[in-house]
Amino acid sequence: MQVLEGGRATIVLGQLRPLGGIGQTQEIATGFTVMPRVAGQRVSLDIDSQNVATTVNARLGEWVEIAGVDSSGIVSERRRVWLKVEEIGP
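How each quantity is defined
Residues numbered from 1 in each chain as written. Predicted model: local features only at pLDDT ≥ 70, side-chain atom pairs only at ≥ 80, totals over all residues. Heavy atoms only, no water. Helix = DSSP H or I, 4+ residues; strand = E, 2+ residues; numbered from the N terminus. Buried < 20%, exposed > 50% of the residue type's maximum accessible area, 1.4 Å probe, protein only. Polar contact = N/O pair within 3.5 Å; in protein donor to acceptor, adjacent residues only side chain to side chain. Pairing = 2+ DSSP bridges.

S.K.: Mind laying out the side chain of Asp46, listing which residues take part and the relevant values?
M.R.: Inspection of the secondary structure puts Asp46 in strand E3 (residues 42-49). On the accessibility criterion, Asp46 (18% relative accessible area) is buried. Separated by 3.0 Å, the side chains of Asp46 and Arg37 make a polar contact. Polar contacts involving the side chain of Asp46 include one to the side chain of Thr55, which spans 2.9 Å.

S.K.: Give a detailed account of the pairing of E3, specifying residues and quantitative values.
M.R.: Regular strands have side chains that alternate between both faces of the sheet. Sheet topology note: the strand E2 (residues 25-39)/E3 ladder contains seven bridges and is antiparallel. Along E3, the bridge assignment pairs Met35 with Asp46. Linkage of E2 to E3, two consecutive antiparallel strands, is achieved through a turn of two residues, within which Gly40 is found at a positive phi near 65°. Two strands pair when backbone bridges link them, and E3 and strand E4 (residues 52-59) are joined in this way by eight bridges, in the antiparallel orientation. Opposite Asp46, over in E4, you have Thr55 as the bridge partner.

Here you go:
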């Protein structure tokens, strides 16, 4: 995905979960917006998701984890969301 500086990108994550009936599923989706701001070799990512806002700082070209969920129970899951910002030349 390409976003101009000062622009916003919307990222939606989802999955299908089985329901009680055969072949029935439910789509569950959530998302967030990201606005990158570049200063030299650093980038600030303003992240807004469902009434929660934060800023993450990283170096250009560096992968940075911006979200994660660990769940345990019958099935353990570990999900992570990573972003990498690269500057595209003229």
